[in-house]
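Understanding the architecture of this molecule
So the chains spell out like this:
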Amino acid sequence: MKAIRRLTVRPVLPDPLRPLSDLARNLRWSWHPETRDLFQSVDPECWAASGRDPVRLLGTVPPGRLAELAEDRRFLRRLTAVADDLDHYMSGDRWYQARSGRLPSAVAYFSPEFGITAALPQYSGGLGILAGDHLKAASDLGVPLIGVGLLYRHGYFRQSLSRDGWQQEHYPVLDPHELPLALLKEADGTPAHVALALPGGRELRARIWLAQVGRVPLLLLDSDVEENDLGERGVTDRLYGGGSEHRLLQEMLLGIGGVRAVRTYCRLTGHDAPEVFHTNEGHAGFLGLERISELCDEGLEFGSALEAVRAGTVFTTHTPVPAGIDRFDRELVARHFGPDAELPRIDVERVLRLGMETYPGGEPNLFNMAVMGLRLAQRANGVSLLHGGVSREMFAGLWPGFDAEEVPITSVTNGVHAPTWVAPEVLRLGARQIGVQRAEDALTVGGSDRWDSVADIPDQDIWELRRTLREQLVEAVRERLRASWRQRGAGTAELGWIDDVLDPDVLTIGFARRVPSYKRLTLMLRDRDRLMDLLLHAERPIQIVVAGKAHPADDGGKRLVQELVRFADDPRVRHRIVFLPDYGMAMAQKLYPGCDIWLNNPLRPLEACGTSGMKAALNGCLNLSVLDGWWDEWFQPDFGWAIPTADGAGTDPDRRDAIEASALYDLLEQRITPRFYERGASGLPDRWIEMVRRTLSLLGPKVLAGRMVREYVERLYAPAAEAHRAMDPDSARSLAEWKARVRAAWPGVSVDHVETSAAGATAELGSTLGLRVRVNLGDLAPDDVEVQAVSGRVDSEDRITDAATVPLKPVGGPDLEGRWAYEGPLALDRTGPFGYTVRILPAHRLLASGAEAGLVAVPSDDVLQAAGLLMR
């Protein structure tokens, strides 16, 4: 029989056990081993059955067991110690509180998904896991962050396989009352709400759920409320589901509703209002429009409000391809804004101009969320050094006239939250070496370039650790594989072979991620005979564990999954290669530590960062990867192997896959398996252990989320807060008026004449040229601009590379023709072909970079030819 109504019945804890409720509701337990150990000791069987979720655990423990624990002095002492530790963690000063200077009083961090723990399944892949790690690291560092996202009633889909290996999706309904969440309530006890106006006089309302991530509150908006019509209730039904309008409403709720939720939270709790707003990818870009609307309500006009909002906004892009960005039809966006819908006091055309692709190569009728994010943020970044460069190229059209390297998008390379991803056995080994507190500090705050203490760990201990982790993975794989085959319809009698799947003494390779085509799940199958030889080698076999989900609408990705599954089903190799369905955080926490090699073979440069290899490295796993994302930045032969790429412009995609697959097999056959299996005088694989040691000691400190968040604070949040404070209403009006005046006058700005003291086409290194320039500033004054000399080596097409800029000084003017004279020295500090040019940029104290306004004036071809700008 089916119930007509569902209720959540909460346990009543005896008074001595009340602190268990607080510990369960703070998600710090997901990365704090002592808290998890405490919950496991409540009832080990219930703990395992609950999926290691403290909230579910407390709902299933028999009352008799709770009464018994309430009288257990030893348990109560442990409970008091863990509760006191959480209290100290929440209230004590940490890294951020010890910093000097005026840091932001609070930062609001918006993301469409957050991967905190498997007990709160609100993530699909790397973007969400990164966002979760960002919140956890901010908590450990004491950064006053407020997270903002959506609460999806179906989360992301659960994956299983049909008998023939086809991916099947399931969407279990999540009850927020059974999750580690609490409703945000008004002073009178009623649930707090935010509301958005919809076309036709309708309204979209959402409740605000609070997840406490250590010190960081995470606000999750939920549209499944009785006040909404059926369509509006389904806005937060599932992550990345539905058509264009559904996605647009999700992103309006996240951005506009998210700002309103932050305001409500600060009003109800007294939390400091954010000075900086961080948009994690373009999905939350509408938050800037809501903040503009707030300022317009306070009396600023749109242009001034835009400048004030930009000053305190940081935008992070995660995609290296235009296809990965949400884009909406112009008319759809227009229908949802203006007098009959949301933000009625803002002209719809101004909203549209922020997101339209009004640049060469753009689609003029499409509204681009990343473009809006960039136009609404004074500071932007990619997520690895390589991705920063790719992003500057991809978005260069927004800054016409500037070389890609000058586009104002920097990079902060992603990191991973070590306490979440490091196996307890690895942490214990480190604690044994340097003490528990120092080990925890090294993994959270970081700050050192190397972990020298790893050098003192005996080879035997490292090798035993690696085998223990491999053995645990083998056991977990067999358990999951057996469950998967039962879902596929196999009977118990058919599954005896699973007892022999994988071997804890065989070189183990992991490959787990989402399954878009560019990640090339099946590259390893390119030459199946060679792969079989590797899997079944008599002396040096390998074994491979594969996992990954294809997007429900991506049949191409599903075919890749099926191809891999069918190969892994072959009785000849099924004990050496397995595909595990339903990849998620719980599986990943066993998979990363248990592998010896982490494989990554995307099409370069389409992997923005790719953090799974970082998590593996923190457990002593070596990387085998294409030089893409973070691996391009930090690869050293000490840490693993680089798969050579064939990414020339003329390379046929099929031929490229063949070349790179062959290179992968060569590395495995000739370099990797021999090193793993060869034994030194001690009977141990000495050279392999040394690579593990150097990975831990030299790569470990780099890949920490603590390092990443510290970079965000120092390089982006602190400057954004300073800019926000400087942008008072008068300054915002002044800057907006100045920009309008400069844009109107810019067609009259030109470089009219360039002359130099050089006598010929050659000069000696270290000499200095005198440069004299005459410029026309039209209706502008010298205080409005900077005239620069740009110099450097030139390539075969006379393009300046590795350019250096020097400001020139005004020395006279205007003359009778209205031109100003500028002079300055030009140092010849490089040998070989050398060139220079001159340009004019707008200049204002409140601009973050010379390229910010997107305006530049350079000499005409006639002026260039007259100046003779090349020296050889």
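Look up a bit, the structure's there.
Keep in mind that what you see is a predicted model, and the values were worked out from it rather than measured. (Residues numbered from 1 in each chain as written. Predicted model: local features only at pLDDT ≥ 70, side-chain atom pairs only at ≥ 80, totals over all residues. Heavy atoms only, no water.)

Some thoughts on empty space enclosed by the protein
Where we set the bar: Cavities and pockets are defined on a 1 Å grid built over the protein atoms alone: a cavity is a set of grid points where a 1.4 Å probe fits but cannot escape, while a pocket is an open set with protein on both sides within 12 Å along at least five of seven lines, and lining residues are those with an atom within 4 Å of any such point. Grid points are joined across faces, edges and corners, and a volume is the space filled by probe spheres set on the points. For the purposes of this entry, the term helix denotes a DSSP run of H or I that reaches at least four residues, the term strand denotes a run of E that reaches at least two, and both are numbered from the N terminus. Charged means Asp, Glu, Lys or Arg here, nonpolar means Ala, Val, Leu, Ile, Met, Phe, Trp, Tyr, Cys or Pro, and polar covers whatever is left, Gly included.
Following the criterion strictly, the structure yields eight cavities of 30 Å³ or more and no others. Estimates place the volume of the largest cavity at around 90 Å³. Residue lining of the largest cavity: 13 residues in total, with Leu481, Trp485, Ala568, Asp569 and Phe579 positioned closest to the centre. Residue assignment for the lining of the largest cavity shows that the elements contributing at least two residues are helix 19 (459-487), helix 21 (555-568) and strand 19 (577-580). In the lining of the largest cavity, the residues fall into nine nonpolar, one polar and three charged.

Here's the deal with helix 27 (residues 705-726)
How we decide: One fewer than the residue count of a helix, multiplied by 1.5 Å, yields its expected span. Given a residue, its bend is the angle between the two axes fitted to the seven residues that end at it and to the seven that start from it.
When the terminal C-alpha atoms of helix 27 are compared, their 30 Å separation across 22 residues agrees well with the 32 Å that a helix rising 1.5 Å per residue should span. The axis of helix 27 is deflected most strongly, by about 40°, at Val713.

Focus: the packing of helix 20 (residues 528-535) against helix 25 (residues 653-677)
Formally: Lines fitted to the C-alpha atoms define the axes, with helices restricted to the stretch that makes contact. Angles between their N-to-C directions range from 0 to 180 degrees. For this classification, under 35 degrees means roughly parallel, over 145 means roughly antiparallel, 65 to 115 means roughly perpendicular, and everything else is oblique. Note on convention: the crossing is left-handed when the near helix lies turned anticlockwise from the far helix by less than a right angle, right-handed when the turn is clockwise. For this analysis, residues touch if any pair of their heavy atoms sits within 4.5 Å.
Taken N-terminus to C-terminus, the directions of helix 20 and helix 25 make an angle of 20°; their axes are 11 Å apart at the nearest point. Between helix 20 and helix 25, the interaxial angle falls into the category roughly parallel. Between helix 20 and helix 25 the crossing geometry is left-handed. Contacts between helix 20 and helix 25 involve Arg530, Leu531 and Leu534 on the former and, on the latter, Ser662, Tyr665, Asp666, Leu668 and Glu669. Residues belonging to the contact of helix 20 with helix 25 are distributed by class as follows: four nonpolar, one polar and three charged.

Here we look at the sheet that holds strand 28 (residues 819-827)
Threshold: In this analysis, strands are considered paired if DSSP registers two or more bridges between them.
Strand order across the open sheet formed by four strands is 23-24-28-27, with antiparallel pairing between neighbours. The sheet is open, and its two borders are formed by strand 23 (750-756) and strand 27 (809-812), each paired with just one other strand. Each adjacent strand pair in this sheet contributes to an overall mean axis angle of 30°, direction not counted.

Quick look at the pairing of strand 1 (residues 107-110)
Quick reminder of the rule: Type-normalised accessible area, obtained with a 1.4 Å probe on protein chains alone, sets the label of each residue: buried when under 20%, exposed when over 50%, and partly exposed for intermediate values.
A two-sided burial pattern is seen for strand 1, the buried positions comprising Val107 and Tyr109 on one face and Ala108 and Phe110 on the other. Bridging between strand 1 and strand 4 (residues 145-150) involves four bridges; their strand directions are parallel. Opposite Phe110, over in strand 4, you have Val148 as the bridge partner. Bridging between strand 1 and strand 11 (residues 276-280) involves four bridges; their strand directions are parallel. Bridge pairing links Val107 to Val276 in strand 11.

Re the pattern of salt bridges
For the record, the criterion: For this document, the term salt bridge refers to a Lys or Arg side-chain nitrogen within 4 Å of an Asp or Glu carboxyl oxygen.
Under the counting rule described, the total for this entry stands at 63 salt bridges. Across the pair Arg163 and Glu494 runs a salt bridge, and its minimum N-O distance is 3.3 Å. Separated by 331 residues along the polypeptide, Arg163 in the loop between strand 5 (158-161) and strand 6 (167-170) and Glu494 in the loop between helix 19 and strand 17 (507-512) bring together distant segments of the chain. A relative accessible area of 45% means that Arg163 is categorised as partly exposed. Glu494 sits in the partly exposed class, given a relative accessible area of 42%. The partner of Arg310 in a salt bridge is Glu307, with the nearest N and O atoms 3.9 Å apart. Of this pair, Arg310 and Glu307 both sit in helix 11 (residues 302-311), three residues apart, which is roughly one turn of the helix. Residue class for Arg310 comes out buried when judged on its relative accessible area of 8%. Classification of Glu307 as buried rests on a relative accessible area of 6%. Each of Arg153, Arg207, Asp222, Asp224 and Arg233 takes part in salt bridges that share partners, so that together they form one network.

A short note on the packing of aromatic side chains
Where we set the bar: Only Phe, Tyr and Trp rings are paired, with Trp represented by its six-membered ring, and only when their centres lie within 6.5 Å; those with planes under 30 degrees apart are stacked, over 60 edge-to-face, the remainder tilted.
Within this structure, the stated rule accounts for 19 aromatic pairs. With 6.3 Å between their ring centres and 10° between their planes, Phe39 and Trp47 make a pair best called stacked. Comparing Phe39 with Trp47 shows no difference in burial state: the two are buried. On the basis of an interplanar angle of 70° and a centroid distance of 5.6 Å, the ring pair of Trp421 and Tyr592 is categorised as edge-to-face.

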